[in-house]
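What follows is each chain in one-letter form.
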Amino acid sequence: MSFAQTPAGAPHVRCRERAWTIRGVSVLCVMLCAFAAGAEDEPRAVQDASESQAPESIDAQLDRRRLGPVLRQRLDKIEEATNLRFGLANTIVFQQATGGDGQRTTAAGDFDLLLRWTPVRAGTPNAGSLLGSAEYRYQIGAATPASLGGTIGTLVPTVDGFGERPVVLKELYWEQRLLDDKLRFSLGRIDLGNLFGSHRLQSSNTFFLHQAFAGLPTSNNPGPGTGAAFQANLREWLVVSGGVGDANGQATAIRFVDFFEDGELFSFAELALVPLERNQNGGRYRLSFWHRDAGEESGRPSGRGVTLSCDQDVGERFVAFARYGWSDGDLTDVRHAVQVGAACQDFALKDGVLGLAASWAVPADRSLRNEKVIEAFQRFQITEFLQFTVGVQAIFDPSNAPDDEAVGVFSLRLRAAL
């Protein structure tokens, strides 16, 4: 196991219908897991440590797959014959708060389907690929974890994602690599928020859940939409990237024509220093800038921000990160935010991960208190494809709950990924 390189509602469904949907997804995962596990014993798959910098990019999630022997062999044969690689994952999160009014017991799931088809120069540094992902978020019980922050009065949500929405096509774009992979271009339906300001532990699917660590609270990113991005490796230690896309992008809508009509843009640029390779206790140090145009129809103001993000290997088992973000406050509720944290792999059990992080956030509304968060988690690798995580958050001075000094959140996460 290695650390990954790297962050709309729908009409409510009746409980009985939702229960059958959840059972169907669960049965599918169990059947696939049983099929993957029912083969002769073979050595455990070694995970590729050279994952792309976006924490939730399609490539990164596909490279994190942990397959049982039979399924791995069959998918490898399909990929050899068709240059098509795909994966699926189902992640369920439960969160319980110790205080606050309203519904404090929450649960939801996230089902993802990922694919990469490489019809151009597959297996070479100058490959051209079509990448896509679809997602379904479903509610379990009376409320979702995405709503818990509002219930207990936090400035930053207790989880990144895990709300409720129908099946959506999140991303579908072409990626072309050139000059022996020193230059990459992407064009299509892209989630630009995945491509800047990140750190290696930024994933609510596998690491921290709180949005302070799993997202970027000082950035107001739109949803997936029409866009373009590039990454240029100018030196072995210097990477420049940038992108531009639909400032009104939505996961639940395809706005290709509207994008060209309104012409409102979201853009980013990032400079990254990579002083050493990862297997030599390397790290990545990023300086990012973002800007979002004002919305003429919606009356949304323009916004901009800066992020400085650093992560560093410490020996063979530890990775640490630190990040500072600033926004002008017109688009986000957070003006300044600082996070620091670390994780240890192979803790307690083989492939287990222990994580600890702290956050400090200054609200744009200076009449509110600064919010502080500490989160700890322990992740267990149950099988090749099944992970179980226990976590706890302590939130001090929740900004939107002036009568509460502190509130705790207990978390459980179960993830099956093939």
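Residues numbered from 1 in each chain as written. Predicted model: local features only at pLDDT ≥ 70, side-chain atom pairs only at ≥ 80, totals over all residues. Heavy atoms only, no water.

Asks: Just to check I follow, could you spell out the overall build of the chain for this structure?
Replies: Each helix and strand in the chain was counted, giving six helices and 16 strands. Here the chain, with 418 residues, has 53% of them falling under the buried criterion. Carbon and sulfur atoms provide 60% of the accessible area of the chain, an area that totals close to 18400 Å². (Helix = DSSP H or I, 4+ residues; strand = E, 2+ residues; numbered from the N terminus. Buried < 20%, exposed > 50% of the residue type's maximum accessible area, 1.4 Å probe, protein only. Areas by Shrake-Rupley, 256 points an atom, 1.4 Å probe, with all protein chains shown as cover.)

Asks: Please explain the packing of aromatic side chains as it appears in this structure.
Replies: Two aromatic rings, taken as a pair, are described by how far apart their centres are and by the angle between their planes. Enumeration over the complete set of coordinates arrives at nine aromatic pairs. Clustering of aromatic rings is evident, with ring pairs tying together Phe196, Phe266, Phe268 and Trp290. (Phe/Tyr/Trp six-rings, centres within 6.5 Å; stacked < 30°, edge-to-face > 60°.)

Asks: Would you take a moment to explain the pairing of strand 16 (residues 406-417) for this structure?
Replies: A regular strand places its side chains on the two faces of the sheet in alternate fashion. Note: strand 1 (residues 84-97) against strand 16, nine bridges, orientation antiparallel. Bridge pairing links Ile92 to Leu414 in strand 16. Pairing of strand 15 (residues 386-396) with strand 16, which is carried by 11 bridges, proceeds in the antiparallel orientation. When the sheet's bridge partners are listed, Val390 is paired in strand 16 with Leu412. (Pairing = 2+ DSSP bridges.)

Asks: Sorry if this is basic, but what is going on with the pattern of salt bridges here?
Replies: One side chain can pair with another of opposite charge once the charged atoms of both are near each other. Counting across every chain of the model gives 17 salt bridges. Across the salt bridge formed by Arg137 and Glu135, the nearest N and O atoms sit 3.2 Å from each other. Pair check on accessibility: Arg137 and Glu135 agree, each one buried. Sharing partners across several salt bridges, the network here consists of Asp110, Glu135, Arg137 and Arg165. (Salt bridge = Lys/Arg side-chain N within 4 Å of Asp/Glu carboxyl O.)

Asks: Is there a simple way to think about the side chain of Gln339 in this case?
Replies: Relative to the assigned elements, Gln339 resides in strand 12 (residues 334-345). Accessibility expressed as a relative area gives 2% for Gln339, which makes it buried. Among the polar contacts made by the side chain of Gln339, one reaches the side chain of Arg323 at a distance of 2.8 Å. Leave out the neighbours within four places in its chain, and Gln339 touches Ala212, Phe213, Pro217, Phe321, Ala322, Arg323, Ala358 and Ser359. (Polar contact = N/O pair within 3.5 Å; in protein donor to acceptor, adjacent residues only side chain to side chain. Contact = heavy atoms within 4.5 Å.)

Asks: For this particular structure, what's the right way to read unusual backbone geometry?
Replies: Here Phe162, not a glycine, exhibits a phi torsion of approximately 60°, which is positive. Position of Phe162 relative to the elements: it lies in the loop between helix 4 (148-152) and strand 4 (165-178). The backbone phi angle of Asp346 is positive, close to 55°, even though this residue is not glycine. Looking at the secondary structure, you find Asp346 in the loop between strand 12 and strand 13 (353-363).

Asks: Quick question: what am I supposed to make of the pairing of strand 5 (residues 183-190) here?
Replies: Sheet analysis places strand 4 next to strand 5, joined by seven bridges and oriented antiparallel. Pairing of Arg177 across the sheet is with Arg184, part of strand 5. Taken together, strand 4 and the strand that follows it, strand 5, pair antiparallel across an intervening segment of four residues, in which Leu179 is found at a positive phi of about 55°. In terms of strand pairing, strand 5 meets strand 6 (residues 225-235) through eight bridges, oriented antiparallel. Along strand 6, the bridge assignment pairs Leu183 with Ala232.

Asks: Please clarify how the environment of Ala416 should be interpreted in this entry.
Replies: Assignment of secondary structure puts Ala416 in strand 16. Residue class for Ala416 comes out buried when judged on its relative accessible area of 9%. When the C-alpha positions of Ala416 and Leu386 are compared, they lie 4.6 Å apart, and in sequence the two are 30 residues distant.

This is a description of form; function is not addressed.
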